[in-house]
Amino acid sequence: MNPESNSAAYEPNKASMAQFVGYFLWLGTVGFGGPIALAGHMQQDLVDTRGWVRKEDYLEGLALAQLAPGPLAAQLAIYLGYIRAGVFGATAVGVAFVLPSFLMVLGLSVAYVRFGGLPWMQGMFYGIGASVIGIIARSAFKLTKLTLGKDKLLWGIFAILAVSTAWTSQEIIWLFLLGGVVNLVARNPRRSPAKSAASLLLAPGTGATFGAHGILLQIFIYFAKAGLFVFGSGLAVVPFLYGGVVQGHHWLTDHQFVDAVAVAMITPGPVVITVAFIGYLVAGIAGATAAALGIFLPVYLVVVLLAPSYKRWAKNPQLNAFVRGVTAAATGAIAGAVIVLARRSVYDLPTILICIVSLAILFRWKVPEPVLIGCAALAGLALWHR
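All values reported here derive from a predicted model rather than from experimental measurement.

Draft legend 1. Focus on the overall build of the chain. Helix and strand counts for the chain stand at 17 helices and two strands. Put simply, the chain has 386 residues, and 55% of those count as buried. A sequence separation of at least 24 residues applies to 74% of the contacts in the chain between residues at least 6 apart. Total accessible area on the chain is roughly 17000 Å²; 66% of this is exposed by carbon and sulfur atoms.

Draft legend 2. A look at the confidence of the model for the chain. Across the chain, pLDDT averages 80, with 83% of residues at or above 70. Confidence over residues 1-13 falls short of pLDDT 50; this stretch has eleven contacts with residues more than four positions distant or in other chains.

Draft legend 3. Inspection of unusual backbone geometry at higher detail. With a phi angle near 60°, His250 is a residue other than glycine that sits in the positive phi range. For His250, the location among the structural elements is in the loop between helix H11 (237-248) and helix H12 (254-265).

Draft legend 4. Region of the structure containing the side chain of Asp348. Secondary-structure assignment places Asp348 in the loop between helix H15 (317-345) and helix H16 (349-364). For Asp348, a relative accessible area of 17% gives the class buried. A polar contact is formed between the side chain of Asp348 and the side chain of Thr351, at a distance of 2.6 Å.

Draft legend 5. Expanded view of helix H10 (residues 215-227). Here H10 spans 18 Å end to end across 13 residues, near enough to the 18 Å set by a 1.5 Å rise per residue. Looking at the buried residues of H10, the elements they touch are strand E1 (70-71), H11 and helix H13 (274-306).

Draft legend 6. Geometry of the pattern of salt bridges. Here the structure, examined in full by the defined rule, presents three salt bridges. Residue Arg54 pairs with Asp57 through a salt bridge whose shortest N-O separation is 3.1 Å. Its relative accessible area of 7% is what places Asp57 among the buried residues.

Draft legend 7. Quick look at a nonpolar patch on the surface. A surface patch of nonpolar side chains, amounting to about 250 Å² of accessible area, comprises Val95, Leu99 and Leu103. In this fold, Leu103 is placed in helix H5 (residues 72-115). Leu103 sits in the partly exposed class, given a relative accessible area of 48%.

Draft legend 8. Focus on the side chain of Ser164. For Ser164, the location among the structural elements is in helix H7 (residues 152-168). Using a relative accessible area of 11% as the deciding quantity, one classes Ser164 as buried. Within the local environment of Ser164, its side chain forms a polar contact with the backbone oxygen of Leu161, the two atoms lying 3.1 Å apart.

Draft legend 9. Representation of the packing of aromatic side chains. What the rule picks out here adds up to 13 aromatic pairs. With a centroid separation of 6.3 Å and 70° between ring planes, the pair formed by Tyr126 and Tyr347 is classed as edge-to-face. Note that Tyr126 is positioned in helix H6 (residues 119-148) and Tyr347 in the loop between H15 and H16, a separation of 221 residues in sequence. The rings of Phe20, Tyr23, Phe24, Trp26 and Trp52 are connected pair by pair, giving a single aromatic cluster. The ring of Phe20 is capped by Arg84, whose NZ or CZ atom sits 5.7 Å from the centre of that ring.

Draft legend 10. Quick peek at the nonpolar core. In this structure, Phe24, Met42, Leu80, Phe223, Leu241, Val245 and Phe257 are the most contacted members of the largest nonpolar core, which totals 101 residues. Ranked by residue count, the leading element in this core is H5, at 19 residues. If we skip the residues at most four places from it in the chain, Phe223 touches Leu241, Val245, Trp251, Val275, Ile278, Ala291, Gly294 and Ile295.

Draft legend 11. Up close: the packing of H11 against H15. Packing of H11 against H15 brings their axes to within 8 Å, and their N-to-C directions diverge by 50°. With respect to H15, the axis of H11 lies oblique. Between H11 and H15 lies a crossing whose hand is left-handed. In this structure, H11 uses Val238, Pro239 and Tyr242 to contact H15, whose residues at the interface are Ala333, Ile334, Ala337, Val340, Leu341 and Arg344. Classifying every residue of the contact of H11 with H15 by side-chain character gives eight nonpolar, no polar and one charged.

Draft legend 12. Main features of the environment of Ala166. With respect to the helices and strands, the residue Ala166 is situated in helix H7. Note on Ala166: relative accessible area 10%, which makes it buried. For Ala166 and Ala335, which are 169 residues apart along the polypeptide, the C-alpha to C-alpha distance reads 8.2 Å. With residues near it in sequence (within four places) discarded, Ala166 still touches Gly336, Ile339, Val340 and Arg343.

Draft legend 13. Representation of the packing of H6 against helix H17 (residues 369-383) within the structure. H17 packs onto H6 with a crossing angle of 135° between their chain directions and a minimal axis gap of 7 Å. By the criterion of interaxial angle, the relationship of H6 to H17 is oblique. Crossing geometry of H6 relative to H17 is assigned as right-handed. Contacts between H6 and H17 involve Trp120, Gly123, Met124, Tyr126, Gly127, Ile128, Ser131, Val132 and Ile135 on the former and, on the latter, Glu369, Leu372, Ile373, Ala376, Ala377, Gly380, Leu381 and Leu383. Partitioned by chemical class, the residues of the contact of H6 with H17 number twelve nonpolar, four polar and one charged.

Calculation rules
- Counting starts from 1 at the beginning of each chain's written sequence and moves along it residue by residue.
- Where local features are concerned, this predicted model is filtered to residues with pLDDT of at least 70; where side-chain atom pairs are given and counted, the filter is 80 or more; whole-chain, interface and lining totals use all residues.
- Calculated side-chain values reflect all of the structure's heavy atoms, with hydrogen atoms and water omitted.
- Helix and strand labels come from DSSP, where a helix needs a run of H or I of at least four residues and a strand needs a run of E of at least two; each type is numbered from the N terminus.
- Only protein chains enter the accessibility calculation, which uses a 1.4 Å probe; a residue is then buried when its area is under 20% of its type maximum, exposed when over 50%, and partly exposed in between.
- Contacts are residue-level and defined by heavy atoms, with any inter-residue pair within 4.5 Å sufficient.
- Exposure was quantified through the Shrake-Rupley algorithm and a 1.4 Å probe, taking into account, for residues, occlusion by the shown protein chains and nothing else.
- On a range of 0 to 100, pLDDT expresses the predictor's confidence in each residue.
- Residues adjacent in sequence count toward polar contacts only when both atoms are side-chain atoms; beyond that, a polar contact is any pair of N or O atoms within 3.5 Å, and within protein one must be able to donate a hydrogen and the other to accept it.
- For a helix, the expected span equals 1.5 Å multiplied by the number of residues minus one.
- We count a salt bridge whenever a side-chain nitrogen from Lys or Arg sits within 4 Å of a carboxyl oxygen from Asp or Glu.
- Patches here are clusters of residues that have more than 30% relative accessible area and form no salt bridge, with a 9 Å joining cutoff for like charges and a 5 Å cutoff for nonpolar side chains (Val, Leu, Ile, Met, Phe, Trp, Tyr).
- When two rings of Phe, Tyr or Trp (its six-membered ring) have centres within 6.5 Å they constitute a pair, described as stacked for plane angles under 30 degrees, edge-to-face for angles over 60, and tilted for the intermediate range.
- A positively charged side chain is recorded as over a ring if its NZ (Lys) or CZ (Arg) lies within 6 Å of the ring centre. The angle to the ring normal must also be within 35 degrees.
- Definition of nonpolar core: a set of buried residues of the types Ala, Val, Leu, Ile, Met, Phe, Trp, Tyr and Cys, connected through side-chain atoms within 4.5 Å.
- Axis lines are fitted to C-alpha atoms, over the contacting stretch for helices. Their N-to-C directions set the angle, which ranges from 0 to 180 degrees.
- Angle categories are assigned with fixed cut-offs, so that under 35 degrees is roughly parallel, over 145 is roughly antiparallel, 65 to 115 is roughly perpendicular, and the rest are oblique.
- For any helix crossing, the convention is left-handed if the near helix is rotated counterclockwise from the far helix by under a right angle, and right-handed if that rotation is clockwise.
- Only Asp, Glu, Lys and Arg are considered charged in this grouping, and only Ala, Val, Leu, Ile, Met, Phe, Trp, Tyr, Cys and Pro are considered nonpolar; every other residue, Gly among them, is considered polar.

Here's what the structure looks like:
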């Protein structure tokens, strides 16, 4: 009886592996709206409508994506692929989900480099950059409501990171980790946080290059480190990237970085695909590939290595407390990054108006972000002046 009921609930044979992977190829091609929206699509399509994934497996994958570092939507997709067909399934689904947005960003990168000096392209990004600030501000607000609630300690961690990021214009990794440790100690005063946080405290900092001499290896290692500090929303990587890409390595200018974030907003799939744009500007197609592999490799490895033992540690209260603290810190860093990026993209009356109108529209109506950015590009063309 039980095997039959399980089969009816899951029905893994209802879809071939090609169909299963094809779904994620489709979602990566048309899926807009950020990690929460993409996760919602997976639940509605795979669990509720088609019955290709058991609800229990979906919820376990969602919990793993919230606990472990990495962009939520990509991690959830890879986990569902792992449940479906092990390492092969995780690999196939991960590639299918990321590949469409990677190719789109690559195409936009080529156009940006080729036409970036022309007035029409400069005018478009004049408006797009201001609109993106409004979009990030709205996302920061939604993440704050979702992750902090009425917890005063988490609000305190959030505030410290928001102020430090806005003040220094860069992420401070040890503050992320300290946020997790503080929340861990507060929730479990009789337990030492040292063991729980030790592995994360050993995570590489932003300044190390690991002796890499080739530019492609530097790109790969830098973005692999960045992938370790993305919790939930891909926007969490923005303050991390700004400090390293603009101020540390000087790979991009301030305006190019905002344009990179904009490119991620107007393409479907995970937001962190913005790294492909950055990699392309630094070292062409090879650089874009190295950056994309770097940012997604930690996500893939986390799923493949942790999924087999996930149920044993997923409900650990110490781990959950540490992750909640780090998530609050990451959310604060996103809020601070809004201020940092706004200094570069919202600097005159037209850009102020575009930013305010974009923010007001997002709060009032559910307008797709690509549509909003398209309108901002037209406004930029109309209002831009040399």
